[in-house]
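A structural walkthrough
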Amino acid sequence: MKRAEIRARLDEWRREGRFEPRCDSWLAGYDEDFTRLLGAEGWIGLTWSPEYGGHGRGFAERFVLTEELLRAGAPVAAHWIADRQIGPAVARLGTEELRRHILPRIASGEARFCLGMSEPDAGSDLASVRTRATRVDGGWELHGQKVWSSNAHRSTHAYVLARTAHGTKRHEGLTEFVLDLDQPGVTVRRIPDLRGPGHFCEVFLDGATVPDAWVLGTVGDGWTQVTEQLSFERGGPERVLSTYPLLRLMLDSGGGWRLGELVARLTALRALGRQVAARMDAGEAPIAAAATLKLLGNRFEVDVIEAARELTRADVGAAAWPRFAAMLADAQLSAPGFSLRGGTTEVLGVVVARSALEGAR
C-alpha cells in the first residue's frame, strides 16, 4: 500500500468531519461506522486470504496502514483487536467452519472482538488462568471471570483462554476459544477509569458454550499458541504511537527542547516495528522483539506527554493552545493503561532479559 494515498484519504475524511484526531485512538476511539468505512475500503483483514474476505497482503503493508491510522488519530478501536490478532490467529489455526464464519465478518467490520486473557489472579501471568472449559455434547461450557477486556460491552465476540485440563505444569492444559457473546451465561460489567466508565471491562462466564468448531488450534496447546500470538499484540505501531497526535501538535508549534530527542527515538522504534513485521511475514513469531518494542514504546509514549507538559501557552501559540491543552489532558487520562495492557512493564522486562540470556549462551 502506498503511504501517500492512505494519508490523503485520511486527510479527506478528516476534512469531511468523519473523525477528529485523538490520542490512544486504537482503544479509546470507538466508532463502528468508521470501522465499516474502513472495511468497505479494504483496509481490514489485509493479512489473510481473499478466500475468507481478506486481501492476501503482508504484515509489512499492514504496518504502513496502521501507522497512518494512528498518526491521524483515527477512531479504529471497534476493529483493532479483531484485525490485529484474532483474524491472523483464526486464519492460521481455526477450523474451516470458523474461518468462513468469522473472517469475512471481521473484514467488513461486523464482528468486533475483545480479549479474554487476564483474570483477577492471572494478569500478565497467563499460566495462572483459572477459567475452566468443560466438555459437553458438541462443544465446551465455560465458567470463570476475565478482566481488563477492552470494549467487551460493545463486542460481538471474545477470544477466551481457558483451562481444559490440569497437568503437572501450570502451562499445560490451556485451550483457546472463540466465544459468541450474545448468549446466556455471559455478563459484562464496565470498569471505571479516570474518565468514568471506560473501555476496560470484566466478563463473567457462567455456562456460556462454544462449539467444537470454534476451538482455536489444538486442545491443550493454548500456552504455546498464545505466547506466539502475543507478537501480534505487542509488536505493532500502536505500542509506540498512542500519543503521536500530541507529538504532531508539538512539532507544528516548534516548541520544546526535547523534540529532537523524541523524534530520534521514534525513528528507532519505527525501524524495530518494521523488523517485527518483516519477521512475521517470514513466518516467525518474534516474541522478544515484540516485547522490546512495547517496553520501549510505552516509555516513549509517556515521555511525549511529559515533554508536552513542559510547554506553555507562549510556546504553543494562543490560537493552537485550546486544542493542544485538550489533547494533552486526554493523553494524560490514557497514560496509566500504557504499561498494563498487553503485559506489564515488569513482565516484559523479564521476557526481554530471558531472551538476552538465552542468546548469550
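Calculation rules
Residues numbered from 1 in each chain as written. Predicted model: local features only at pLDDT ≥ 70, side-chain atom pairs only at ≥ 80, totals over all residues. Heavy atoms only, no water. Phe/Tyr/Trp six-rings, centres within 6.5 Å; stacked < 30°, edge-to-face > 60°. Helix = DSSP H or I, 4+ residues; strand = E, 2+ residues; numbered from the N terminus. Buried < 20%, exposed > 50% of the residue type's maximum accessible area, 1.4 Å probe, protein only. Pairing = 2+ DSSP bridges. Axes fitted to C-alpha atoms, helices over the stretch in contact; angles between N-to-C directions. Parallel < 35°, antiparallel > 145°, perpendicular 65-115°, else oblique. Left-handed = near helix turned anticlockwise from the far one by under 90°. Contact = heavy atoms within 4.5 Å. Nonpolar A, V, L, I, M, F, W, Y, C, P; charged D, E, K, R; others polar. Salt bridge = Lys/Arg side-chain N within 4 Å of Asp/Glu carboxyl O. Polar contact = N/O pair within 3.5 Å; in protein donor to acceptor, adjacent residues only side chain to side chain. Core = buried A, V, L, I, M, F, W, Y, C linked by side-chain atoms within 4.5 Å.

Some remarks on the packing of aromatic side chains
Any aromatic ring pair is given by two values, namely how distant the centres are and how the planes are angled relative to each other. All told, the structure shown has seven aromatic pairs when counted by the stated rule. Here the aromatic rings of Trp13 and Phe34 are separated by 5.7 Å at their centres, their planes lie at 85°, and the arrangement is edge-to-face. Of this pair, Trp13 sits in helix H1 (residues 3–15) while Phe34 sits in helix H3 (residues 32–41), and the two are 21 residues apart along the sequence. Judged by its relative accessible area of 1%, Trp13 is buried. Owing to a relative accessible area of 2%, Phe34 belongs among the buried residues under this scheme.

Remarks on the pairing of strand S6 (residues 186–193)
Both S6 and strand S7 (residues 196–211) contribute to a ladder of seven bridges, which runs antiparallel. Bridge pairing links Arg190 to Cys201 in S7. Here S6 folds back onto S7, and the loop between the two strands holds two residues.

Let's talk about the packing of helix H9 (residues 259–281) against helix H10 (residues 287–309)
Where H9 contacts H10, the axes come no closer than 10 Å and their chain directions differ by 155°. The angle between the axes of H9 and H10 places the two elements in the roughly antiparallel class. Crossing of H9 over H10 shows left-handed handedness. Judged by residue contacts, Leu262, Arg265, Leu266, Leu269, Leu272, Gly273, Val276 and Arg279 of H9 engage Ala289, Ala290, Thr292, Leu293, Leu296, Gly297, Arg299, Phe300, Asp303, Val304 and Ala307 from H10. Counted by class, the contact of H9 with H10 contains 12 nonpolar, three polar and four charged residues.

Considerations on the pattern of salt bridges
Tallying each qualifying case throughout the model produces 31 salt bridges. Between Arg258 and Glu261 there is a salt bridge, and its shortest N-O distance comes to 3.9 Å. Salt bridges sharing partners connect three or more residues here, namely Arg3, Arg7, Glu67, Glu68, Arg71 and Arg270.

Description of the environment of His153
With respect to the helices, strands and loops of the structure, His153 is situated in the loop between strand S3 (139–147) and strand S4 (157–163). Considering only alpha carbons, one finds His153 and Cys114, 39 residues apart in sequence, at a separation of 8.8 Å. Ignoring anything within four residues of it in the chain, the contact list for His153 reads Val188, Arg190, Gly198, His199 and Cys201. At a separation of 3.3 Å, a polar atom in the side chain of His153 contacts the side chain of Arg154.

Remarks on the pairing of S4
Buried residues dominate S4, accounting for seven of its seven residues. Of the strand pairs in this sheet, strand S1 (residues 113–116) and S4 are connected by four bridges, and their pairing is parallel. Its bridge partner lying in S4, Phe113 is registered against His157. Note that S4 and strand S5 (residues 174–180) share seven bridges and pair antiparallel. Paired with His157 across the bridge in S5 is Asp180.

Quick word on the environment of Ala8
On the secondary structure map, Ala8 appears in helix H1. Of the residues examined, Ala8 reaches a relative accessible area of 42% and is grouped as partly exposed.

So, the environment of Ser155
With respect to the secondary-structure elements, Ser155 resides in the loop between S3 and S4. Ser155 gets classed as buried once you look at its relative accessible area, which sits at 13%. Taking the C-alpha atoms as reference points, Ser155 and Phe177, 22 residues apart in sequence, are found 15 Å from one another. Among the polar contacts made by the side chain of Ser155, one reaches the main-chain carbonyl oxygen of Asn151 at a distance of 2.7 Å.

Re the nonpolar core
Of all hydrophobic cores here, the largest spans 94 residues; its most connected members are Leu246 and Phe324. Sequence-distant contacts of Phe324, defined by excluding residues within four places in its chain, comprise Leu246, Leu249, Met250, Ala308, Leu311 and Val316. Counting residues in hydrophobic clusters, the runner-up holds seven residues, among them Phe59, Ala277, Met280 and Ala289.

Here we look at the side chain of Thr227
Note on placement: Thr227 falls in helix H7 (residues 222–234). Residue class for Thr227 comes out buried when judged on its relative accessible area of 19%. A polar contact of 3.0 Å, which involves the side chain of Thr227, links it to the backbone oxygen of Trp223. Only 2.9 Å separates the side chain of Thr227 from the backbone oxygen of Thr224, close enough to count as a polar contact.

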